[in-house]
Amino acid sequence: MATTTTVPGTRNAGRPAPPYAAGPRRASLGRKVRDNLTGHAFLIGAVACFAVFSWYPMVRGVVMSFQRTRRGETTWVGWDNYARILDDPSFWTAWRNTLYFTLLALVLGYAVPFFVAILLNEFRHAKGYLRILVYLPVMLPPASALFLFKFYAYDPSDAGLFNAILKALHLPTSEWMQSPGMTMPAMVVASTWMNMGSAVLIYLAALQNIPGDLYEAAELDGAGIWRRIRHVTIPQTRLILLLLAMLQIIATMQLFIEPLILANGAGAEDSATSVAYLIYQHGFFQNDLNGAAALGVIMLVVLAGFSAGYLRLTSKQD
């Protein structure tokens, strides 16, 4: 009598799958298709928003920078708009003011939030209250905060807050926004007060991720507070410091609302004219949309160069 030996796992080998086995497989495939369709729907919405509100204006601006529009007629002029913009003395004044503001912002607006975060990180009580207090200016509309500085803090009379403080300290007062030499420092102070809350919270999150053992080891070695900041805090937060430095450079080089409100645009002796405000002037006051587009493309190239330098620097350090 012949016997049949069945190898485990090969009982149904070579036989067609029963009809009922296709049901769950088909249902699983349908579920995956539906899940993917939902994800792609959200992705298509985001891409459409970027395409309509970011990418299309960018491409349109590049195209307009090589055109000239007169009385509804558009003609290609090549590099003429760029040559005209580069020959304008206000172009170089605007770039000088913008770079000066960026440098001051890196010295003041970049260092102050970091040390405020270190100070807040050392507090043991009322941490939540202090964080809210530091972040409060960010929640104010920028225009409201700047008008507060313009009419209350930077009042050139003795009734202004800063002049009252200087007078109480028996120091000479200032005309602030009416003084060409004080225009940029005054705008940097206002901008730092408005925007430092976000940077402080980011720095606090980075500081709280530093292992406490590193500080204990530094204290055992006799390191003071400045040596601990130099040898422990800064190396452990290096990537965050570099990232926020790059973001601050990009943000400060797009300086616009501060001169528009605090200095009424150009400021005394064009001391507040920035590249972004010059674009605004060309587009809305001189009706020169093609020149404004050329200025925007130049700024885009400069900021892209800074971003490429940042990526190169961080890739080498990694």
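Everything that follows concerns the structure shown earlier in this document.
Residues numbered from 1 in each chain as written. Predicted model: local features only at pLDDT ≥ 70, side-chain atom pairs only at ≥ 80, totals over all residues. Heavy atoms only, no water.

## As for the pairing of strand E2 (residues 73–76)
Phase 1: Both strand E1 (residues 67–70) and E2 contribute to a ladder of four bridges, which runs antiparallel. Its bridge partner lying in E2, Thr69 is registered against Thr74.
Phase 2: Counting the residues between successive antiparallel strands, the hairpin from E1 to E2 contains two residues, one of them, Arg71, with a positive phi of roughly 55 degrees. (Pairing = 2+ DSSP bridges. Helix = DSSP H or I, 4+ residues; strand = E, 2+ residues; numbered from the N terminus.)

## Details of the packing of helix H5 (residues 127–139) against helix H8 (residues 183–207)
The geometry of a pair of packed helices is captured by two quantities: the angle between their axes and the separation between those axes.
Phase 1: Close contact between H5 and H8 brings their axes to 6 Å; oriented N to C, the two are set at 135 degrees. Considering their axes alone, H5 and H8 lie oblique with respect to each other. Regarding H5 and H8, the two cross each other, and that crossing is left-handed. Along the contact surface, H5 presents Arg131, Val134, Tyr135, Pro137 and Val138, while H8 presents Trp193, Met194, Asn195, Met196, Gly197, Ser198, Val200, Leu201 and Leu204. (Axes fitted to C-alpha atoms, helices over the stretch in contact; angles between N-to-C directions. Parallel < 35°, antiparallel > 145°, perpendicular 65-115°, else oblique. Left-handed = near helix turned anticlockwise from the far one by under 90°. Contact = heavy atoms within 4.5 Å.)

## Some remarks on the packing of helix H3 (residues 89–109) against helix H11 (residues 238–252)
Phase 1: H11 packs onto H3 with a crossing angle of 145 degrees between their chain directions and a minimal axis gap of 9 Å. For the element pair H3 and H11, the recorded crossing hand is right-handed. From H3, Thr98, Phe101, Thr102, Ala105, Leu106 and Gly109 reach across to H11, where they touch Ala245, Gln248, Ile249 and Thr252.

## Section: the pattern of salt bridges
Phase 1: For the structure on display, the rule yields one salt bridge.
Phase 2: Measuring nitrogen to oxygen at the nearest pair gives 2.7 Å for the salt bridge that ties Arg84 to Asp288. You can see Arg84 sitting in helix H2 (residues 80–86) and its partner Asp288 sitting in the loop between helix H13 (275–285) and helix H14 (289–317), a full 204 residues away along the chain.
Phase 3: A residue is classified by how much of its surface remains accessible, and Arg84, at 32% relative accessible area, is partly exposed. (Salt bridge = Lys/Arg side-chain N within 4 Å of Asp/Glu carboxyl O. Buried < 20%, exposed > 50% of the residue type's maximum accessible area, 1.4 Å probe, protein only.)

## What to know about the packing of aromatic side chains
Phase 1: Per the counting criterion, the structure on display carries 21 aromatic pairs.
Phase 2: Ring geometry for Phe50 versus Trp55: centroids 5.9 Å apart, planes at 25 degrees, classification stacked.
Phase 3: Here Phe91 and Trp95 contribute two aromatic rings whose centre-to-centre distance is 6.3 Å and whose plane-to-plane angle is 70 degrees, an arrangement assigned as edge-to-face. Within this pair, Phe91 and its partner Trp95 are both found in helix H3, separated by four residues, close to a single helical turn. (Phe/Tyr/Trp six-rings, centres within 6.5 Å; stacked < 30°, edge-to-face > 60°.)

## Section: H8
Phase 1: End to end, H8 covers 34 Å across 25 residues, agreeing with the expected 36 Å (1.5 Å per residue, within 8%).
Phase 2: Roughly 50 degrees is the biggest bend found in H8, and it falls at Met196. (Expected span 1.5 Å × (residues − 1). Bend = angle between axes of the 7 residues up to and from the residue.)

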